[in-house]
Amino acid sequence: MIADNTPVIIGVGQASEHVGQPGYEALSYMDLGGRALAAAIDNTGASGEVASAIDTLAAIRAFEMSRPDRKPPFGGPDNIPGALAKRVGACPARLILSPTGGQTNQQYVGEFAAAIAAGESDCAVIVGSEVISTALALAAKGESPDWSEEIGGTFEDRGYGLDGMMEPQLFAHGATGAIPLYAIAENARRAKLGKSLDAYRRDIGELFEPFTKVAAANPHAAAPVERSAEELATITERNRIVAEPYTRMTVARDQVNQAAAIIIASAAKARELGVPEDKWVHIHAVTGATELQLSERPDLAANPASIGSLERALEMANKSMSDMRYLDFYSCFAIPVFNPCDHFGIAIDDPRGLTLTGGLPFFGGAGNNYSAHAICEAVERVRGEPGSYALVGANGGWMSKYATGIYSTQPADWSGAARFEILAKATNGVPRSDAPFESATVESYTINHSKSGSDAVWIGRNDAGERVVGNADLTDEATRAAFEGGEPFGAKLTVTRDERGRNVGRVV
């Protein structure tokens, strides 16, 4: 007999639409999110009223609401979780607006499951939505719908969650977003492997080729097209370099219209609602971890917080990676997939596959909510193969935060040891300096390419061993050859500070 306070996932739902396709309605964030939540309620197969049983609803913060200086272009509700609840006639006592981070939805599964196990909740929902594709399409046509809503009431705003993600020196030198920051880590891994740019791009293409096949079969995918490794790796006008070593097709695609929702309930509430037990999916472990800032990581290529999260979740579930029938590793870029593969010895052509959705470059990078889609897919997979296990690895920031979840129809006992845990953050950060310095040794780099030109950003050590950041002087022939040739690793630079306060390095 499964204990009454055992948390189980009882319903999952996804919704999507494609600009210009048949049936396209140009839905707002809230309307598409409401569709996903309604789909999750229907997915429970309950005979009772699920919406009225929801006591907690967490809304995942949309990308266009993820920084204090950004607002959704057509407005939004004064109470986002309340607006989503309203779409299905729910009146939760507790409403939450999440912080930024792709790990958040996965971590909330653990938080809400633990609350249910402790008797603090009976039924909790996680729902998120992105409609950047529609917002851009409407703006391009000069349309400006009013998506504002007066919902009223109170909710728990957990803030933007940007602590630990601000990298002032990297930002000041042009590494201002996810693409160049991941590219710096990716090139550090390439240097460890001793691979050329072309060879490493081929590795990325081979990693992602199977992802495109999964995306092509997924009706919710934003780019459902099969592509070969060669096509993904080959530089063309359409597949230009966005930041070395990344081609455009191999980075997360944020122009999507996608929403997903997850419903978790106590076993007692699931029974009361008449949810068939073959719909129940048990939560065997959820772990969360926070990484050091990129500029202070001892190994720029490594992400030990993610490995710690994965290992601890497997330990809590009393399983090994080989026991996992289904896998979804967060894939905004290649390195968050390569890292667990390297550590656990998983081949990139593992027959299980490494994505359940098609991955963020091809299924779509649905903002902070991507992993909710992965969890939805995991739930359906284990329902279809009772007794099997699925693992979802969710990543936030620039490999800044990580959360792991393990799911199965096999019951999980929540009466004993905890199955939700937040790991301690490492304390071995490399000392950093923003004081002037005269020379440095390059550890890693990237070259940003944009319509306005190219900027080479490097990260390395000064003579005191402190971590420092700068730009490469691409007007200098030797410096340009080293950086554009892809082999500046270990190069000694002379450094001057320009009138903008940037550190500019030339190869000695």
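The rules behind these values
- In every chain, residue numbers begin from 1 and rise along the written sequence.
- Per-residue local features are limited, in this predicted model, to residues with pLDDT of at least 70; the limit for side-chain atom pairs, both in listing and counting, is 80 or more; totals at the level of whole chains, interfaces and linings are taken over all residues.
- Where side-chain values are given, they derive from all heavy atoms of the structure, hydrogens and water being excluded.
- Working definition: with a 1.4 Å probe on protein chains only, accessible area under 20% of the residue-type maximum means buried, over 50% means exposed, and in between means partly exposed.
- The secondary structure listing takes helices from DSSP runs of H or I that are at least 4 residues long and strands from runs of E that are at least 2 residues long, numbered from the N terminus.
- Two strands pair under a simple rule: DSSP has to find at least two bridges between them.
- Nine residue types can take part in a nonpolar core, namely buried Ala, Val, Leu, Ile, Met, Phe, Trp, Tyr and Cys, and a core is a set of them joined through side-chain atoms within 4.5 Å.
- Any two residues having at least one pair of non-hydrogen atoms within 4.5 Å are treated as being in contact.
- Working note: the arc is built from the helix axis to C-beta atom directions.
- A pair of Phe, Tyr and Trp rings is counted when the ring centres sit within 6.5 Å of each other, with Trp represented by its six-membered ring. The angle between the planes then sorts it: under 30 degrees is stacked, over 60 is edge-to-face, the rest tilted.
- Consider the ring centre and the ring normal. A charge sits over the ring if Lys NZ or Arg CZ is within 6 Å of that centre and within 35 degrees of that normal.
- Two N or O atoms count as a polar contact when they lie within 3.5 Å, although within protein this holds only if one can serve as hydrogen donor and the other as acceptor, and sequence-adjacent residues are included solely when both atoms are side-chain atoms.
- The crossover handedness rule: strands pointing away from the viewer, path from first strand over the helix to second strand clockwise, crossover right-handed.

J.: Quick one: what's the story with the pairing of strand S16 (residues 467-472), residue by residue and with numbers?
T.: Across the 6 residues that make up S16, a large majority, 6, are buried. As judged from the 5 bridges shared by strand S15 (residues 453-462) and S16, these two strands associate in the antiparallel manner. Within S16, the position partnered with valine 457 by the bridge is asparagine 471. Where S15 hands over to S16, the hairpin turn is made up of 4 residues, of which glycine 465 adopts a positive phi near 85°. Sheet topology places S16 next to strand S18 (residues 503-507); 2 bridges connect them, and they run parallel. Counted as the bridge partner of alanine 472 is glycine 505 from S18.

J.: Talk me through the environment of glycine 48; I want residue IDs and the actual numbers.
T.: Relative to the helices and strands, glycine 48 resides in the loop between helix H1 (29-43) and helix H2 (50-53). Given a relative accessible area of 27%, glycine 48 falls into the partly exposed group. A C-alpha to C-alpha distance of 7.5 Å links glycine 48 and glutamate 272, two positions 224 residues apart in sequence.

J.: How would you summarise the nonpolar core if you had to cite specific residues and measurements?
T.: Counting 92 residues, the largest nonpolar core has Ile9 and Phe329 as the members making the most contacts within it. In terms of residue count, helix H13 (residues 370-384) provides more of this core than any other element does, 8 residues in total. Not counting residues up to four positions away in its chain, the partners in contact with isoleucine 9 are Ile262, Ile263, Ile264, Lys279, Trp280, Val281, Ile283, Ile375, Val379 and Tyr407.

J.: Outline helix H14 (residues 477-484), listing residues and values.
T.: Along H14, the residues that are buried comprise Thr479, Ala482 and Phe483. Here the buried residues of H14 occupy an arc of 90° about the axis, which is enough to place them on one side. Facing away from the buried side of H14, by more than 90 degrees, are the exposed residues Glu477 and Ala481. The secondary structure elements touched by the buried residues of H14 are strand S14 (439-450), S15, S16, strand S17 (492-497) and S18. Two residues or fewer past H14, glycine 486 is found with a positive phi of approximately 85°.

J.: Provide a residue-level description of the packing of aromatic side chains, including the pertinent values.
T.: According to the stated counting rule, one finds 14 aromatic pairs in the structure shown. Here phenylalanine 208 and phenylalanine 211 contribute two aromatic rings whose centre-to-centre distance is 5.1 Å and whose plane-to-plane angle is 75°, an arrangement assigned as edge-to-face. Note that phenylalanine 208 and phenylalanine 211 are positioned in helix H8 (residues 197-216) at a spacing of 3 residues, about one turn of the helix. Pair check on accessibility: phenylalanine 208 and phenylalanine 211 agree, each one buried. If you follow arginine 61 out to its NZ or CZ, it ends over the ring of tyrosine 160, 4.6 Å from the centre.

J.: Break down the side chain of asparagine 395 for me, with residues and values.
T.: With respect to the helices and strands, the residue asparagine 395 is situated in strand S11 (residues 389-396). In this structure the side chain of asparagine 395 is engaged in a polar contact, spanning 2.7 Å, whose partner is the side chain of tyrosine 182. Residues within four places of asparagine 395 in sequence aside, it is in contact with Gly102, Gln103, Tyr182, Tyr330, Cys332, Ser400, Lys401 and Tyr402.

J.: Got a sec to walk through the pairing of strand S3 (residues 94-97)? Specific residues and values, please.
T.: Sheet analysis places strand S2 (residues 56-60) next to S3, joined by 4 bridges and oriented parallel. Each residue of the ladder has a partner; that of alanine 58, found in S3, is isoleucine 96. In terms of handedness, the path from S2 via helix H3 (residues 80-87) over to S3 forms a crossover that is right-handed. Here 2 bridges tie S3 to strand S5 (residues 156-157), and the two strands are oriented parallel to one another. Residue pairing for S5: isoleucine 96 is matched across the bridge by glutamate 156.

J.: If you had to explain unusual backbone geometry to someone new, which residues and values would you point to?
T.: Each neighbour pair has its own omega, and for glutamate 244 with proline 245 the value is 10°, a cis peptide bond. On the secondary structure map, proline 245 appears in the loop between strand S6 (241-243) and strand S7 (246-247). Despite not being glycine, alanine 26 shows a phi value in the positive range, around 55°. Within the secondary structure, alanine 26 sits in the loop between strand S1 (7-16) and H1. The phi dihedral of methionine 399 is positive, around 55°, even though this residue is not glycine.

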